[in-house]
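Observations on the three-dimensional arrangement
Next come the chains, spelled out residue by residue.
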Amino acid sequence: FAVGEWRSVLVLSIKSLPTGATRRYRPRMSLPADYHMHTPLCRHAKGEPIEYAVRALELGLPEIGFSDHSPVEHDDQDDWRMLAGELGEYVAKVQHARDTYPALPIRLGLEVDFIPGHEPWIEEMAQRHDWDYFIGSVHYISGKWDFDNPKRLAEWAEHDVDEVWADYFNRLTNAAASGLFQIIGHPDLPKKFGHRPTRDCTGLYLNFLAACESTGTCVELNTAGLRKDCAEIYPNLEFLKLAKSANVQITFGSDAHATHEVGMNLEDAANLAREVGYDQCCRFNGREKAAVAI
């Protein structure tokens, strides 16, 4: 861009900064919206929503969204999500960030585990607040084994890797087909610790993508994989090529669990999307989808 071509500058008073100085907010049009960020309520993240918003402003992100781990029906499921009684506190924290920085679009979402039999609970949560989107994720297979939990890493030795991938994609396909979610998060998550299938998973991918296409559900490009053992964006290049061929739309997320992770590697994810032919991604407002240029 030529100097001044798109830089109509909004002057914002960044109230939470120690200096109290006035900052200039220049949206960097090369970066997509970051729709996947967590809060301390999930018990494994640091930094309040208002701090994440300050970081987003520093980076010039055009829009952000919070999608912390939602409660499940019973609070004893695990120790890495907010409790059911904390849902209102979560919404209030996001609203506080919105009120403090009104020039930055901040969306309210949840990352919701798809656990068979919990669909009525998800539908109930959807009615409680004015959500902008739900990210559907699968962290559990084989009962209560949260396979991506570092504390449960040793349990991989008790499972056949190919069967894990098959079970995971069966559940992920059902999540996409349910229509409960606007986005499916980190869609090839089983690779997190480097456990990759030995069988051809193309059929699993295509079934899942067909479910996404039929319900209008987006797939997330999640950059957290670059910070994990797999050292690769979720999903990988070949998966994303199939998604493009299936006309499945996309969103972007850093999966930030700390303020310094906000927006991390989004440029890499945008370049990956362009490489396979995507020139648009989706944003959400009140669970209504709009396509915008990447």
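Just above sits the structure.
This text gives an overview of the structure that appears in the document.

Definitions and cut-offs
- Residues numbered from 1 in each chain as written.
- Predicted model: local features only at pLDDT ≥ 70, side-chain atom pairs only at ≥ 80, totals over all residues.
- Heavy atoms only, no water.
- Helix = DSSP H or I, 4+ residues; strand = E, 2+ residues; numbered from the N terminus.
- Rg over C-alpha atoms; globule rule 2.2 N^0.38 Å.
- Buried < 20%, exposed > 50% of the residue type's maximum accessible area, 1.4 Å probe, protein only.
- Contact = heavy atoms within 4.5 Å.
- Areas by Shrake-Rupley, 256 points an atom, 1.4 Å probe, with all protein chains shown as cover.
- Lys, Arg positive; Asp, Glu negative; His and termini not counted.
- Charge placed at Lys NZ, Arg CZ, Asp CG, Glu CD.
- Salt bridge = Lys/Arg side-chain N within 4 Å of Asp/Glu carboxyl O.
- Pairing = 2+ DSSP bridges.
- Axes fitted to C-alpha atoms, helices over the stretch in contact; angles between N-to-C directions.
- 1 Å grid on protein atoms, 1.4 Å probe; cavity = no way out; pocket = protein on both sides within 12 Å on 5 of 7 lines; lining within 4 Å.
- Points joined across faces, edges and corners; volume = space filled by probe spheres on them.
- Nonpolar A, V, L, I, M, F, W, Y, C, P; charged D, E, K, R; others polar.
- Parallel < 35°, antiparallel > 145°, perpendicular 65-115°, else oblique.

**Focus: the overall build of the protein**
When you go through the protein residue by residue, the secondary structure sums to seven helices and 12 strands. Here the C-alpha radius of gyration of the protein, 19 Å, is about what a compact globule of 294 residues would show, namely 19 Å. The proportion of buried residues among the 294 residues of the protein is 52%. Taking as baseline every contact in the protein between residues at least 6 positions apart, the subset at least 24 positions apart corresponds to 74%. For the protein, the accessible surface area stands at approximately 12,600 Å², while carbon and sulfur atoms represent 48% of it. Positive and negative charge centroids in the protein, built from 30 and 44 side chains respectively, lie 7 Å apart.

**Regarding the pattern of salt bridges**
A side chain of one charge can pair with a side chain of the opposite charge if their charged atoms are brought near each other. Going through the model one piece at a time under the given rule, you end up with 19 salt bridges. Arg81 is the partner of Asp78 in a salt bridge, and the nearest nitrogen-oxygen pair spans 3.1 Å. Here Asp78 and Arg81 have matching classes, each one buried. Between Glu124 and Arg128 there is a salt bridge whose closest N-O contact spans 2.8 Å. Placement of both Glu124 and Arg128 in helix α3 (residues 119-128) is noted, with a separation of four residues, approximately one turn of the helix. One continuous salt-bridge network, built from bridges that share partners, spans Asp188, Lys191, Arg196 and Glu232.

**Digging into the sheet that holds strand β5 (residues 133-137)**
An order of β3-β4-β5-β8-β9-β10 is seen for the six strands of this open sheet, with the pairing classed as parallel. Across the chains shown, the open sheet's two edge strands, defined by having one partner strand only, are β3 (64-69) and β10 (250-253). Strand direction decides the pairing type here: strand β9 (residues 218-222) and β10, joined by four bridges, are parallel. In the sheet register, Val219 faces β10, and the bridge partner there is Ile250. In this fold helix α2 (residues 87-100) packs onto β3 and β4 (106-113), with an angle of close to 150° to the strand it touches most, β4.

**So, the layout of surface pockets**
Empty space within the largest pocket amounts to approximately 560 Å³. Forming the walls of the largest pocket are 25 residues, and the residues nearest its centre are His44, Asp148, Lys192, Lys228 and His257. When grouped by side-chain class, the residues that make up the lining of the largest pocket number seven nonpolar, eight polar and 10 charged. Its volume calculated, the second largest pocket comes out at about 160 Å³. Forming the walls of the second largest pocket are Lys244, Asn247, Val248, Gln249, Ile250, Tyr278, Asp279, Gln280, Cys281 and Cys282. The leading source of residues in the lining of the second largest pocket is strand β11 (residues 280-285), at three residues. Each residue belonging to the lining of the second largest pocket can be placed in one class, and the counts come to five nonpolar, three polar and two charged.

**Description of the environment of Glu124**
For Glu124, a relative accessible area of 41% corresponds to the partly exposed category. Taking C-alpha positions, Glu124 is 26 Å from Asp34, a pair spaced 90 residues apart along the chain.

**So, the packing of helix α4 (residues 161-178) against helix α5 (residues 202-215)**
Helix-helix packing is characterised by the crossing angle of the two axes and by the distance between the axes. The contact between α4 and α5 brings their axes to 8 Å, and the two run at 10°. Here α4 is positioned roughly parallel relative to α5, judged by the angle of their axes. Together, Trp165, Ala166, Phe169, Leu172, Thr173, Ala176 and Ala177 of α4 and Leu204, Tyr205, Asn207, Phe208, Ala211, Cys212 and Thr215 of α5 make up the contact between the two elements. Looking at the contact of α4 with α5 residue by residue, the class counts come to 11 nonpolar, three polar and no charged.

**So, helix α1 (residues 49-59)**
Extensive coverage of α1 is indicated by the burial of eight of its 11 residues. Along α1, the residues classified as buried are Pro49, Ile50, Tyr52, Ala53, Val54, Ala56, Leu57 and Leu59. Backbone geometry just after α1 places Gly60 at a positive phi near 75°.

**With respect to the side chain of His139**
Relative to the helices and strands, His139 is located in the loop between β5 and β6 (140-141). Of the residues examined, His139 reaches a relative accessible area of 3% and is grouped as buried. The contact partners of His139, leaving out residues within four places of it in the chain, are His69, Trp80, Glu111, Asp113, Trp145, Asp146, Phe147, Asp148, His186 and Leu189.

**A look at unusual backbone geometry**
Each neighbour pair has its own omega, and for Tyr234 with Pro235 the value is -5°, a cis peptide bond. Checked against the element boundaries, Pro235 lands in the loop between β9 and α6 (237-245). In this model, Asn265 sits at a positive phi of 65°, which is unusual for a non-glycine residue. Take Asn265: it is sitting in the loop between β10 and α7 (266-275). Of the residues examined, Asn265 reaches a relative accessible area of 25% and is grouped as partly exposed.

Nothing here speaks to function; it is all geometry.
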